[in-house]
Amino acid sequence: MSAKKPFTLPSFKSPSIPTTNELKEVIYRFQPRGKKQTDAQRLYATHDVLFLLGPAGTGKTFLALALALGDILNKASPRKSALVLRPHIECGPSMGFRKGTTEEKMLPFTKPITDNLAKIAFNLPPTAVKIEAPEFSRGLSYESQVIILDESQNIPYTQFKMLITRLGTNSKLIITGDPLQCDLPRPSCPDPDYDTDLDFIADRLEPIKGVSVVEFDAKDAVHRHPLLPSLLKAIT
């Protein structure tokens, strides 16, 4: 059986933003919004594993992609591409069987990634960022890449262990997630005192040199309606 091909993003081109040489120059635009995003940008430069944890609307996925793109577009960086591993777990009742190829079945889960990429960079090379399901990672080693584990509150403990051990030479790992939006039925980590496997993993890894955790809260919301902080505070 042939190996499954990872989903590859298309180039992003925008006629409203002119560039030289027929849009062959990559346009990258990102400025951190707020203290927490600024802290994350600073910590990413000095740490190989970075957790971005917090509620919806705080820009975790956007920030992770921006940090990864800024890294791989830097000619002096040893990292030349980014890989996004995103679990395909639905929120609420399942929509059932989906027809099509692996890539077509993953499209609903990859749309948040492609939407955010379009806001950060234009005319990316097709191989700059790839999106895969975490299940396809066993036995692989990701070298000279930025690995993003997105929506990691929906990654179970045993899969977490497998994914962390995929980190290869010259690679960095960004883990995003919101423990309050976990769709897994129950944690499977060794410590029953934790509500989610993500909380357990973050707590156990944070003391290690080279690992950092940035925790956002409702007041750090930057990409949603201005009412969002008040709404989140009322229901959490």
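Quick caveat: nothing in here was measured; it's all calculated off a predicted structure.

Before going further, it helps to spend a moment on the overall build of the protein chain. In terms of helices and strands, the protein chain carries six helices and nine strands. Looking at the protein chain residue by residue over its 236 residues, the buried ones come to 47%. When contacts within the protein chain are restricted to residue pairs at least 6 apart in sequence, those whose partners lie at least 24 apart make up 78%. Carbon and sulfur atoms provide 55% of the accessible area of the protein chain, an area that totals close to 12900 Å².

By size, the foremost hydrophobic cluster in this structure holds 30 residues, and its most contacted members are L50, L52, L69, V129 and I174. At nine residues, the largest contribution of residues to this core is made by helix α2 (residues 60–72). Leaving out residues up to four positions away in the same chain, L69 has contacts with Y28, L117, I120, A121, L124 and V129. Listed in part, the 24 residues of the second largest apolar core include I147, I155, Y157 and M162.

Another aspect to go through is helix α1 (residues 35–46). Between its first and last C-alpha, α1 extends 17 Å over 12 residues, near the 16 Å set by a 1.5 Å rise per residue. Within α1, burial applies to Q37, D39, A40, L43 and Y44. All buried residues of α1 lie within an arc of 155° about the axis, which places them on one face of the element. Structural note: α1 exposes K35, R42, A45 and T46 on the side pointing more than 90 degrees away from its buried face. On the buried face of α1, the contacting elements are β3 (49–53), α2, β7 (145–149), β8 (172–177) and β9 (211–215).

So, about the packing of helix α4 (residues 157–164) against helix α5 (residues 197–205). Their axes nearest at 9 Å, the elements α4 and α5 cross at an angle of 45°. Judged by the inter-axis angle, α4 sits oblique to α5. In this structure, the crossing between α4 and α5 has a hand that is right-handed. Of the residues in α5, those in contact with Y157, F160 and I164 of α4 are D197, L198, F200, I201 and L205. Class assignment for the residues of the contact of α4 with α5 results in seven nonpolar, no polar and one charged.

Bringing the side chain of Q145 into the picture now. Position of Q145 among the secondary structure elements: in strand β7. For Q145, a relative accessible area of 16% corresponds to the buried category. Side chain to side chain, Q145 and S81 meet in a polar contact 3.5 Å long. When sequence neighbours within four positions are dropped, the list of residues in contact with Q145 reads R79, S81, L83, N170, S171 and K172.

Using the criterion set out here, one finds seven salt bridges in the structure. Among the ionic pairs, R42 bridges to D39, the shortest N-O distance being 3.6 Å. Here R42 and its partner D39 are both found in helix α1, three residues apart, which amounts to about one turn of the helix. Taking the shortest distance from any N to any O, the salt bridge between R86 and E151 comes out at 3.6 Å. Separated by 65 residues along the polypeptide, R86 in the loop between β4 (81–85) and α3 (102–120) and E151 in the loop between β7 and α4 bring together distant segments of the chain.

Parts of the model with low pLDDT should not have their predicted coordinates read in detail. Here the protein chain averages 81 in pLDDT, and 79% of its residues register 70 or above. Below pLDDT 50 for its whole length, residues 7–24 participates in 39 contacts with residues either more than four positions away or in separate chains.

Quick look at the packing of α1 against α2 now. Close contact between α1 and α2 brings their axes to 11 Å; oriented N to C, the two are set at 40°. Judged by the twist between their axes, the crossing of α1 over α2 is right-handed. Contact residues: Q37, A40, Q41 and Y44 in α1; L63, L67 and D71 in α2.

Parameters at a glance
- Numbering of residues begins from 1 in every chain and follows the order in which that chain's sequence is written.
- In keeping with the predicted nature of the model, local features appear solely for residues at pLDDT of at least 70, side-chain atom pairs appear and are counted solely at 80 or more, and the whole-chain, interface and lining totals rest on all residues.
- Water and hydrogen atoms play no part in the side-chain values, which are based on all heavy atoms of the structure.
- Put simply, DSSP marks the helices as runs of H or I at least four residues long and the strands as runs of E at least two long, and each gets a number from the N terminus on.
- Type-normalised accessible area, obtained with a 1.4 Å probe on protein chains alone, sets the label of each residue: buried when under 20%, exposed when over 50%, and partly exposed for intermediate values.
- By the convention used here, residues are in contact when the closest approach between their heavy atoms is within 4.5 Å.
- To be clear on the numbers: accessible area is Shrake-Rupley with a 1.4 Å probe, and residue cover counts the displayed protein chains and nothing else.
- Here, nonpolar core means buried Ala, Val, Leu, Ile, Met, Phe, Trp, Tyr and Cys residues that are tied together by side-chain atoms lying within 4.5 Å of each other.
- Given a helix with a known number of residues, its expected span is that number minus one, times 1.5 Å.
- In this context, the arc is that of the directions from the helix axis out to the C-beta atoms.
- Axis definition: a line fitted to C-alpha atoms, over the contacting stretch in the case of helices. Angles run 0 to 180 degrees between N-to-C directions.
- Should an angle lie under 35 degrees it is considered roughly parallel, over 145 roughly antiparallel, and from 65 to 115 roughly perpendicular; all remaining angles are considered oblique.
- With the far helix as reference, a near helix turned anticlockwise by less than a right angle produces a left-handed crossing, and one turned clockwise produces a right-handed crossing.
- Here the nonpolar group is Ala, Val, Leu, Ile, Met, Phe, Trp, Tyr, Cys and Pro; Asp, Glu, Lys and Arg are the charged ones; every other residue, Gly included, is treated as polar.
- Polar contact criterion, stated in full: a pair of N or O atoms within 3.5 Å, where within protein one must be able to donate a hydrogen and the other to accept it, and residues adjacent in sequence count only if both atoms are side-chain atoms.
- The working definition used for a salt bridge is a side-chain nitrogen of Lys or Arg within 4 Å of a carboxyl oxygen of Asp or Glu.
- Confidence of the predictor at the level of single residues is given by pLDDT, which spans 0 to 100.

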